[in-house]
Amino acid sequence: MTRIAMLGSGFIGRFYADSIQGYRSKDKIVSIYSRKEETAKKFAADYSVAHVTTNMEEAIAHPDVDVVCISLPNHLHEQAVLLCCQHKKAVMTTKPLGRNAAEALRMMEAVEKAGIFNGYLEDLVYTPKFIKAHESVKNGALGRILWTKSRETHPGPHSDWFWDLEQAGGGCILDLGCHCVEIGRSYIGKDIKPVEVMCWADTQVKPIEAEDHAIGLIKYETGAISQFEVSWTFRGGLDLRDEVMGTEGTIWINNFLRTGFEMFTTGKGTDYVAEKAESNTGWLFPVGDELNELGYNHMFADMFNAMESGKAPKETFYDGYVVNAILDSAYRSAKSKLWEPVQLPVWRGKEGLCKDNHLIDYDNEHYFVKEELTHYGTKKVILKHKQSGKFVEKIIQ
Ligand SMILES: NC(=O)c1ccc[n+]([C@@H]2O[C@H](COP(=O)([O-])OP(=O)(O)OC[C@H]3O[C@@H](n4cnc5c(N)ncnc54)[C@H](O)[C@@H]3O)[C@@H](O)[C@H]2O)c1
């Protein structure tokens, strides 16, 4: 059994608790910290938590606690992580790791110096669809990965602090882009270095200092490109879609809207439909099992299995730090309107790769361009002559 202190009893704290305790699993939340006593007590009653406190350090230091799960607003992540280091408690932190790369790097260095288990709770690389798609990519089903696209858009977050630039550290680029970046990075290869970022961002709708809409491109050392699309101004629910394109194939994933479950109601009932659903009448796109579809179950299974076996989980603070570094470059690019280099003072992947070779030999004299079976029954190949550079067609059937 793993015994957990949950810091934060809000939106994500409850999703995490539902996942950790919801399926009669062996793990147990034994302490809950929340800012307000009444919400901490309500959480304790809902999840049968023995120890309730409004003092963060008391929850972390509690002798029954094996691991601390940080579900607090972004500006409190570092303070909570440093307390875990001080008390030598294993720690898992929700996304984004930091409000920026400097904060994330300090957290990573602190947990590594303290020698404590550290997990980065990036649920969207643990969804059943992602896990299956990623296996196919790793097995080569898509060939060489050229481009990925991840989109997360919704009508805006659910708590006041998200909208305050100081507490949140950014707008939708940081809040949603962190998911998209890690999805793309995982498909391209987490050991492949991200080199530069181009990003457009604007505040189109909300009365805030931060951006509420952005699109970015991350270039990797192999030449692969990863695109993110994020918005706090999208109407119609939570749009979570991913695409991967390789030399041998393509994957399209729709995670939340239009997943094959569509329902119409005149509005007689008042059911909860799904996260950020804007309506519960008319045609709806309910989600069968959000905890599973959003990856929480597989994520905590990986975290606790890794802890038990003394290994690192799939996502660590190092990953959170790389994501923050990429997003910092996106913010710089949105201002400068230029490609901005990704600054990674610590990098543990491959170094000095060149852009992947795109020339495929057909025979000694030609490069292969394309093969096609036409509607009139002819099969042909298009080739490029290596010496002259001329393109030629050859009928092969
Ligand atoms: N899919 C995901 O992984 C996901 C989804 C939503 C939120 N998050 C992350 O989880 C963290 C918490 O977000 P949330 O949506 O649960 O927020 P929330 O506002 O719903 O809950 C925040 C919790 O922190 C506590 N808290 C302590 N000090 C606080 C302070 N000074 N100001 C505000 N709250 C304080 C509150 O009592 C509350 O229990 C954020 O880092 C957010 O980015 C992750």
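Note that the coordinates shown come from a computational prediction; the quantities given were computed from them, not determined experimentally.

A. Structural context of helix H2 (residues 37-47). All of the buried residues in H2 are Ala40, Phe43 and Ala44. On an axial view of H2, the arc spanned by its buried residues comes to 100°, and they lie on one face. Facing away from the buried surface of H2 by more than 90 degrees, the exposed residues are Glu38 and Ala45. As for H2, its buried residues are in contact with strand S2 (28-33) and strand S3 (51-53). Looking one or two residues past H2, Ser48 carries a phi angle of roughly 50°, positive in sign.

B. View of unusual backbone geometry. A cis amide bond, omega -15°, links Lys95 with the succeeding residue Pro96. Within the secondary structure layout, Pro96 lies in the loop between strand S5 (90-94) and helix H5 (101-114). With a phi close to 50°, Ser48 is a non-glycine residue in the positive phi region. Its location among the elements puts Ser48 in the loop between H2 and S3. Residue class for Ser48 comes out exposed when judged on the 10 C-beta atoms lying within 10 Å of it. Located in the positive-phi region is Lys337, a residue other than glycine, with phi close to 60°. Among the secondary structure elements, Lys337 is positioned in the loop between helix H12 (317-336) and strand S15 (340-341). Take Lys337: there are 10 C-beta atoms within 10 Å of it, and that puts it in the exposed class.

C. A look at the nonpolar core. One finds Ala5, Leu7, Val68, Tyr321 and Ile326 to be the most contacted residues of the largest nonpolar core, which totals 92 residues. Top contributing element to this core by residue count: H12, with eleven residues. Shared between two domains, this core holds at least three residues of each, these being domain 1 (3-122) and domain 2 (125-341). In this structure, Ala5 is in contact with Val30, Ser31, Tyr33, Ala59, Ile60, His62, Val65 and Val68, ignoring residues within four places of it in sequence. Leu238, Phe256, Ala277 and Val287 belong to the second-largest nonpolar core, a separate cluster that totals six residues.

D. Examining the sheet that holds strand S17 (residues 379-385) more closely. Read across the sheet, three strands follow the order S16-S17-S18 without closing on themselves; strand pairing throughout is antiparallel. On the outer flanks of this sheet lie strand S16 (366-373) and strand S18 (391-395), each paired with one strand and no other. Sheet twist, expressed as the average angle between the axes of neighbouring strands with direction ignored, equals 25°. The pairing of S17 with S18 spans five bridges and is antiparallel. Across the sheet, residue Lys384 finds its bridge partner in S18, namely Phe391.

E. Quick look at helix H1 (residues 11-21). For H1, every residue scored as buried is listed here: Gly13, Tyr16, Ala17, Ser19 and Ile20. Down the axis of H1, the sector holding all buried residues measures 165°, keeping them to one side. Residues of H1 that are buried in the fold lie against strand S1 (3-7), S2, H2, strand S4 (67-70), helix H10 (290-293) and helix H11 (296-309).

F. Seen up close, the pairing of strand S12 (residues 249-254). Inspection of the sheet shows strand S11 (residues 239-246) paired to S12 by six bridges, in the antiparallel sense. Along S12, the bridge assignment pairs Val244 with Ile251. In sequence, S11 turns back onto S12 through a hairpin of two residues.

G. Local environment of the pairing of strand S8 (residues 194-202). In the sheet, S8 pairs with strand S9 (residues 213-220) via eight bridges, with the strands oriented antiparallel. Looking across to S9, one finds that Met198 is bridged to Leu217. Of the pairings in the sheet, the one linking S8 to S15 comprises two bridges and is antiparallel in character. Along S15, the bridge assignment pairs Val197 with Glu340.

H. Fine view of the packing of H1 against H11. Contact pair H1 / H11: the axes reach a minimum separation of 9 Å and the direction vectors enclose 70°. With respect to H11, the axis of H1 lies roughly perpendicular. In the packing of H1 onto H11, the handedness of the crossing is right-handed. Across the interface between the two elements, Phe15, Tyr16, Ser19 and Ile20 from H1 touch Tyr296, Asn297 and Phe300 from H11. Looking at the contact of H1 with H11, its residues break down into five nonpolar, two polar and no charged.

I. Highlighting the site of the ligand. Not every one of the 22 residues close to the ligand is listed here, only the nearest: Gly8, Gly10, Phe11, Arg35 and Ser159. Counting residues per element, the shell around the ligand draws most heavily on H1, at three residues. Lining the shell around the ligand are residues from two domains, each supplying at least three of them: domain 1 (3-122) and domain 2 (125-341).

J. Local environment of the domain arrangement of the protein. Partitioning the protein into structural domains gives domain 1 (3-122), domain 2 (125-341) and domain 3 (366-395). Domain 2 and domain 3 are separated by 39 Å when their C-alpha centres are compared.

K. Highlighting the environment of Cys69. Its place among the elements puts Cys69 in strand S4. With 23 residues separating them in the primary sequence, Cys69 and Asp46 have C-alpha atoms 17 Å apart. Discounting chain neighbours no more than four positions away, the residues touching Cys69 are Ile4, Met6, Leu7, Tyr16 and Met92.

L. View of the sheet that holds S8. Pairing within the open sheet is mixed, and its seven strands lie in the order S12-S11-S7-S10-S9-S8-S15. The two strands at the open ends of the sheet, each matched to only one other strand, are S12 and S15. As judged from the seven bridges shared by strand S7 (residues 145-153) and strand S10 (residues 225-231), these two strands associate in the parallel manner. Its bridge partner lying in S10, Arg151 is registered against Glu229. Of the strands in this sheet, S8, S9 and S15 touch H12, which is tilted by about 55° from S8.

About the criteria used
Residues numbered from 1 in each chain as written. Predicted model: local features only at pLDDT ≥ 70, side-chain atom pairs only at ≥ 80, totals over all residues. Buried ≥ 20, exposed ≤ 12 C-beta atoms within 10 Å, placed from the backbone. Helix = DSSP H or I, 4+ residues; strand = E, 2+ residues; numbered from the N terminus. Arc of directions from axis to C-beta. Contact = placed C-beta atoms within 7 Å. Core = buried A, V, L, I, M, F, W, Y, C linked by C-beta atoms within 7 Å. Domains from an automatic or database assignment. Pairing = 2+ DSSP bridges. Axes fitted to C-alpha atoms, helices over the stretch in contact; angles between N-to-C directions. Parallel < 35°, antiparallel > 145°, perpendicular 65-115°, else oblique. Left-handed = near helix turned anticlockwise from the far one by under 90°. Nonpolar A, V, L, I, M, F, W, Y, C, P; charged D, E, K, R; others polar. Near = placed C-beta within 6 Å.

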